[in-house]
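Here's the letter readout for the chains.
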Amino acid sequence: MRRLKKIISYIGIIALLLILFRGFIYRKSVHYTQVKTRNNISLTNKTLTKSIDKELKNKILNIDEIIELSNQITSKKLSFTFGKASSNPNLVHGVTKANCIGYSALFNSIGNYIIAKQKMTDTYEFEHLVAKLDFFGIDVHKAFNSPFFKDHDYNEVKFKKTGESKFVDPSLSDYLKIRYIKSE
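Model, not experiment: these values are computed from the prediction.

Undergrad: What should I look at first to understand the overall build of the protein chain in this one?
TA: Counting its secondary structure elements, the protein chain contains 7 helices and 7 strands. Start at the N end of the protein chain and walk to the C end: the helices and strands fall as α-α-β-α-α-β-α-β-α-β-β-β-β-α. In the protein chain, 66% of the contacts between residues at least 6 apart in sequence involve partners at least 24 apart. Roughly 11,100 Å² of accessible area belongs to the protein chain as shown, and the carbon and sulfur atoms make up 59% of that amount. Looking at the protein chain, you have 30 positive and 17 negative side-chain charges, and the mean spots of the two groups are 8 Å apart.

Undergrad: Just to check I follow, could you spell out the environment of Tyr-175 for this structure?
TA: Its location among the elements puts Tyr-175 in helix H7 (residues 170–176). Taking the C-alpha atoms as reference points, Tyr-175 and Phe-80, 95 residues apart in sequence, are found 8.8 Å from one another. Beyond its immediate chain neighbours, meaning those up to four positions away, Tyr-175 contacts Ser-79, Phe-80 and Tyr-103.

Undergrad: Explain the pairing of strand E4 (residues 124–135) to me, please; I cannot follow it from the model alone.
TA: If a strand is regular, its side chains alternate between the two faces of the sheet. Across the 12 residues that make up E4, a large majority, 9, are buried. Pairing of strand E1 (residues 30–37) with E4, which is carried by 7 bridges, proceeds in the antiparallel orientation. Following the sheet pairing, Lys-36 is matched in E4 by Val-130. One ladder, built from 8 bridges, connects E4 with strand E6 (residues 152–159); its direction is antiparallel. Opposite Leu-129, over in E6, you have Tyr-154 as the bridge partner. The sheet contact formed by E4 and strand E5 (residues 138–139) spans 2 bridges and is antiparallel.

Undergrad: Looking at this structure, how should I read the pairing of E6?
TA: Burial runs high along E6: 7 of the 8 residues are buried. As judged from the 5 bridges shared by E6 and strand E7 (residues 164–168), these two strands associate in the antiparallel manner. In the sheet register, Phe-159 faces E7, and the bridge partner there is Glu-164. Counting the residues in the hairpin turn of E6 and E7 gives 4 residues, including Gly-163, whose phi is positive at 80 degrees.

Undergrad: When you look at the packing of aromatic side chains in this model, what are you seeing that I'm missing?
TA: The description of an aromatic ring pair uses the distance of the two centres, along with the angle that the planes make with each other. The final tally for this structure, using the stated rule, is 6 aromatic pairs. Ring centres of Phe-107 and Phe-126 lie 5.2 Å apart, and the angle between their planes is 45 degrees; this geometry places the pair in the tilted category. Of the two residues, Phe-107 is situated in helix H6 (residues 100–117) and Phe-126 in strand E4; the sequence distance between them amounts to 19 residues. With a relative accessible area of 0%, Phe-126 lands in the buried category. Taking the centre distance of 4.8 Å and the plane angle of 70 degrees together, the rings of Phe-135 and Phe-136 count as edge-to-face. The exposure class assigned to Phe-135 is partly exposed, which follows from its relative accessible area of 41%. Judged by its relative accessible area of 59%, Phe-136 is exposed.

Undergrad: Honestly, helix H2 (residues 22–29) in this entry has me stumped. Any pointers?
TA: Every α-helix winds through 3.6 residues per turn, so residues three or four apart in the chain are directed the same way. Here H2 has its buried residues at Gly-23, Tyr-26 and Ser-29. Looking down the long axis of H2, one finds its buried residues gathered within 145 degrees of arc, a one-sided arrangement. At its buried positions, H2 is contacted by E1, E4 and H7.

About the criteria used
Residues numbered from 1 in each chain as written. Predicted model: local features only at pLDDT ≥ 70, side-chain atom pairs only at ≥ 80, totals over all residues. Heavy atoms only, no water. Helix = DSSP H or I, 4+ residues; strand = E, 2+ residues; numbered from the N terminus. Contact = heavy atoms within 4.5 Å. Areas by Shrake-Rupley, 256 points an atom, 1.4 Å probe, with all protein chains shown as cover. Lys, Arg positive; Asp, Glu negative; His and termini not counted. Charge placed at Lys NZ, Arg CZ, Asp CG, Glu CD. Buried < 20%, exposed > 50% of the residue type's maximum accessible area, 1.4 Å probe, protein only. Pairing = 2+ DSSP bridges. Phe/Tyr/Trp six-rings, centres within 6.5 Å; stacked < 30°, edge-to-face > 60°. Arc of directions from axis to C-beta.

Shown next as structure tokens:
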């Protein structure tokens, strides 16, 4: 009985550490290698732009707040599907189901819309990217035969004046609450 309690305690501690350090562990174990870019799509959906404007409330945001708000809105509007779904953010908004392409397209369009509203286009830009993923150096796409797993979409937030970048995977952020990823 005492041994069982000890084992359960250890499992609980390990689970807690995995939850607390999930972002760090993910960035150390999963690596994104960019293979191509997708075109940025401007928002034309008036319902969506009005809801973004309502969230902004005429506040001036810094880039981390823009990334966070873009993630929050994307997560509110979408739920993940493995099936085929539209990747046009002007259509994704009404459908509510999206795969990683739709998540990244909506996040990208929202981020670029907010940057334009905040008159920061000379400083920042969201870019929609496509990557191959590896887990400790092993290509995860080779493990699956489905065309769904041939690549993965994410975003680069470019700081034009410094040349720095932050990388965000909106679908991963929605489900695992991991804000930033590692990419080359």
